[in-house]
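Now for the letters of each chain:
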Amino acid sequence: MKRTLSLVLMCICLQQFVTAQQYVPQYFAKQEMEQDLVFLHQKLANVHPKFLNKDFAKEWQEKYNLLFGHLPDSISKVESFVALSKLLSEVDDDHTALYFPYSTRINYMKNGGLSMPFSIRVRNNKLYINEYFAEQAVNGIAGAELLSINSIDSKQLLHDVRVLAGNKNGTSGDKSVERLFAMCYWMLYGETKQYELKIAGFNSAVLCKAVTNDKYFQLKNKLYPPKEEKSFGLQFSENNEFACLKIASFYDTEKLASFLSHAFDSIHENKCGKLIIDVSNNPGGRSSSVDSLLNYLTSKPYSQYSSISVRPSLELKSKYKKSKPDFYKLIADIPVDSLYRITDSLLIQIPRKTNSPFTGKVFVLVNGRSNSAAATFAGTVKRYHLGQIIGEPTGGTIKYYGDFLTFTLPCSGLKFVVSAKEFVQYGNRKLTEGVLPDFILAAQNAKLSEIIFLLKNTINN
């Protein structure tokens, strides 16, 4: 009897253990999803400048009504994220979007979930296999163009993942698409135990099994050990003719300012007359970081933007009353359903004096992944003739929306951001394109010596 009881208890414990190791989706009732939708609608309509346009607001409202009227009785957090992301993508500003629910994906992977054993690279609106770490090796697959996964065309895949990554039209670069690809695929198409890959140049489909969380990192770290990526770097060419500043992002103003102080002292000591500032693949960051770099390139007043239009919503006023009291005074009495336009005359910055200002020739290297603040920096350099822009047109557009407010949906807990300002920067007369380079130069991921060679053979230095 005791033995039987022990076996029963053991079975119960084992069953509970097994259950604990299985992913259990989080579900919400229809009424909860409705509350989230109403809250989302309210914040978008109150905060985003686009919603002052009646035609746009009406068109977006129709899509909102369609989703609201076809909600199921119960919806998972993943399904909710997908549905709301599609709705938010209709705002189409590359900033207004949902934060990706990493905790949901982590919960799935740590409780028996499976993932694709490869990563993706996006180039020229096409998908490529970046890293391939399936248990069965396939020669020549890394770097090859991906045509489809499980019969889903790569163009459709790219579009669908861009929507979830908050980058519907790809105008702000695809770095987030690459980072989120496996997770978005799971959210869109469900769990997959085997991937059938159609690869350009391969006569037959490549089959690879999905891998568990532990196996994923075991294989990936073995074949592609993680590399330390530095935010900033300084290099010198032979004879110190060129100095090259690599700025990977403009997010950390304090660290960038410290780095620039030492870097320009070193450039001055080495008597470099030509400076390459590489902001290719730079996703952007803070305008204050851009100012810290421009301090070394000019002593004359400048503006980063042609204009900024602010939607002075109650939400923005509440935030600025505490965080930016001087700016709050400008918008405190402006009606919430209007745009307060600030022109370049009010946006003028006076450069701070530095110990080692640079007075030589400046070349700014950009590509399609130079976004947001990186593109703004390039546009400012071009507008004030501080240097020459080299490379490819930047990502994003001359007119864009940003400086967002963050909110949390009341039921699902998903976080989302809404742009509160409309920016117009420099660098191109067409508002729907990025900053145009002065010289086209295909130098993505090139070494300093290669960039210098291309410069010398492209531009009369």
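All figures in this text were calculated on a predicted structure; none of them were measured in a lab.

Across its full length, the protein chain carries 14 helices and 19 strands. Relative to its 461 residues, the protein chain shows a buried fraction of 48%. Relative to all contacts within the protein chain whose residues are 6 or more apart in sequence, the contacts with residues 24 or more apart total 74%. Of the roughly 24,000 Å² that the protein chain leaves accessible, carbon and sulfur atoms contribute 51%. Here the protein chain contributes 55 positive and 43 negative side-chain charges, whose respective centroids are spaced 2 Å apart.

With that settled, the discussion passes to the pattern of salt bridges. If you walk through the whole model with that rule in mind, you get 15 salt bridges. Note that Arg 121 and Glu 178 form a salt bridge whose closest N and O atoms lie 3.6 Å from each other. Here Arg 121, found in strand E4 (residues 118-123), pairs with Glu 178, found in helix H7 (residues 175-189); they are 57 residues apart in sequence, far enough to count as distant. Both residues of the pair, Arg 121 and Glu 178, belong to the buried class. Bridged by salt links that share partners, the residues Arg 121, Glu 178 and Arg 369 form one connected network.

Aromatic ring pairs are described here by two measures, namely the spacing of the ring centres and the angle between the planes. Enumeration according to the criterion identifies 26 aromatic pairs in this entry. Consider the rings of Phe 118 and Tyr 195, whose centres lie 5.7 Å apart with planes at 85°: the pair is edge-to-face. Placement of Phe 118 in strand E4 and of Tyr 195 in strand E8 (residues 194-199) is noted, with a sequence separation of 77 residues between them. Residues Phe 118 and Tyr 195 agree in their burial class; the two are buried. Ring geometry for Tyr 400 and Phe 423: centres 5.2 Å apart, planes at 15°, overall stacked. A residue pair is termed long-range when its members are at least 10 positions apart, and Tyr 400 in strand E17 (residues 399-408) and Phe 423 in strand E18 (residues 415-425) qualify at 23 residues. Classification of Phe 423 by relative accessible area gives buried; the value is 8%. Within the aromatic cluster, the residues linked to one another by ring pairs are Phe 51, Phe 56, Trp 60, Tyr 64 and Phe 68. Over the ring of Tyr 426 we find Arg 383, and its NZ or CZ is 5.4 Å from the ring centre.

This brings us to unusual backbone geometry. One non-glycine residue with positive phi stands out, namely Asn 281, at about 65°. Relative to the elements of secondary structure, Asn 281 occurs in the loop between strand E12 (274-278) and helix H10 (287-294).

What follows concerns the packing of helix H2 (residues 30-47) against helix H3 (residues 54-68). In helix packing, the relevant descriptors are the interaxial angle and the interaxial distance, both defined with respect to the helix axes. Between H2 and H3, the shortest axis-to-axis distance is 11 Å and the interhelical angle comes to 170°. Taken together, the axis directions place H2 and H3 in an arrangement best described as roughly antiparallel. Seen from H2, the contacting residues are Glu 34, Leu 37, Val 38, His 41 and Leu 44; seen from H3, they are Trp 60, Gln 61, Tyr 64, Leu 67 and Phe 68. In the contact of H2 with H3, the residues fall into seven nonpolar, two polar and one charged.

On to the pairing of strand E16 (residues 388-391). Where strand E15 (residues 361-366) and E16 come together, four bridges link them in parallel fashion. Within E16, the position partnered with Val 364 by the bridge is Ile 389. Handedness of the crossover joining E15 and E16 through helix H13 (residues 373-383) is recorded here as right-handed. Of the strand pairs in this sheet, E16 and strand E19 (residues 439-440) are connected by two bridges, and their pairing is parallel. Among the inter-strand pairings, Gly 391 is bridged to a residue of E19, identified as Ile 440.

On to the sheet that holds E19. Taken in spatial order, the six strands make up an open sheet running E10-E11-E12-E15-E16-E19, and their pairing is mixed. One side of each edge strand has no neighbouring strand; the edge strands of this open sheet are strand E10 (232-236) and E19. Docked against the sheet, helix H9 (residues 253-269) engages E10, strand E11 (242-247) and E12, running at close to 10° with respect to E10.

This part covers the packing of H3 against helix H4 (residues 77-89). Direction vectors running N to C along H3 and H4 enclose 165°, while the axes themselves pass 10 Å from each other. In terms of axis orientation, H3 runs roughly antiparallel to H4. When the axes of H3 and H4 are compared, the crossing they make is right-handed. Residues Trp 60, Lys 63, Tyr 64 and Leu 67 of H3 touch H4, and the partners they reach there are Ala 83, Leu 84 and Leu 87. Split into classes, the residues belonging to the contact of H3 with H4 amount to six nonpolar, no polar and one charged.

What follows deals with the nonpolar core. One finds Phe 118, Ile 129, Tyr 132, Ile 149, Tyr 195 and Leu 197 to be the most contacted residues of the largest nonpolar core, which totals 76 residues. The element contributing the most residues to this core is H7, with nine residues. When near neighbours in sequence (up to four residues on either side) are disregarded, Tyr 195 contacts Ser 115, Met 116, Pro 117, Phe 118, Ile 149, Asn 150, Tyr 185, Val 206, Leu 207, Cys 208 and Ala 210. One finds Phe 264, Val 279, Val 290 and Val 362 within the second-largest nonpolar core, a separate group that totals 36 residues.

Moving on, we come to the environment of Leu 219. Relative to the helices and strands, Leu 219 is located in helix H8 (residues 213-223). Considered as a pair, Leu 219 and Ile 451 are 232 residues apart in the sequence and their alpha carbons are 34 Å apart. Leaving out residues up to four positions away in the same chain, Leu 219 has contacts with Phe 133, Ala 134, Glu 135 and Val 211.

Definitions and cut-offs
Residues numbered from 1 in each chain as written. Predicted model: local features only at pLDDT ≥ 70, side-chain atom pairs only at ≥ 80, totals over all residues. Heavy atoms only, no water. Helix = DSSP H or I, 4+ residues; strand = E, 2+ residues; numbered from the N terminus. Buried < 20%, exposed > 50% of the residue type's maximum accessible area, 1.4 Å probe, protein only. Contact = heavy atoms within 4.5 Å. Areas by Shrake-Rupley, 256 points an atom, 1.4 Å probe, with all protein chains shown as cover. Lys, Arg positive; Asp, Glu negative; His and termini not counted. Charge placed at Lys NZ, Arg CZ, Asp CG, Glu CD. Salt bridge = Lys/Arg side-chain N within 4 Å of Asp/Glu carboxyl O. Phe/Tyr/Trp six-rings, centres within 6.5 Å; stacked < 30°, edge-to-face > 60°. Lys NZ or Arg CZ within 6 Å of the ring centre and 35° of its normal. Axes fitted to C-alpha atoms, helices over the stretch in contact; angles between N-to-C directions. Parallel < 35°, antiparallel > 145°, perpendicular 65-115°, else oblique. Nonpolar A, V, L, I, M, F, W, Y, C, P; charged D, E, K, R; others polar. Pairing = 2+ DSSP bridges. Right-handed = clockwise from strand over helix to strand, strands pointing away. Left-handed = near helix turned anticlockwise from the far one by under 90°. Core = buried A, V, L, I, M, F, W, Y, C linked by side-chain atoms within 4.5 Å.

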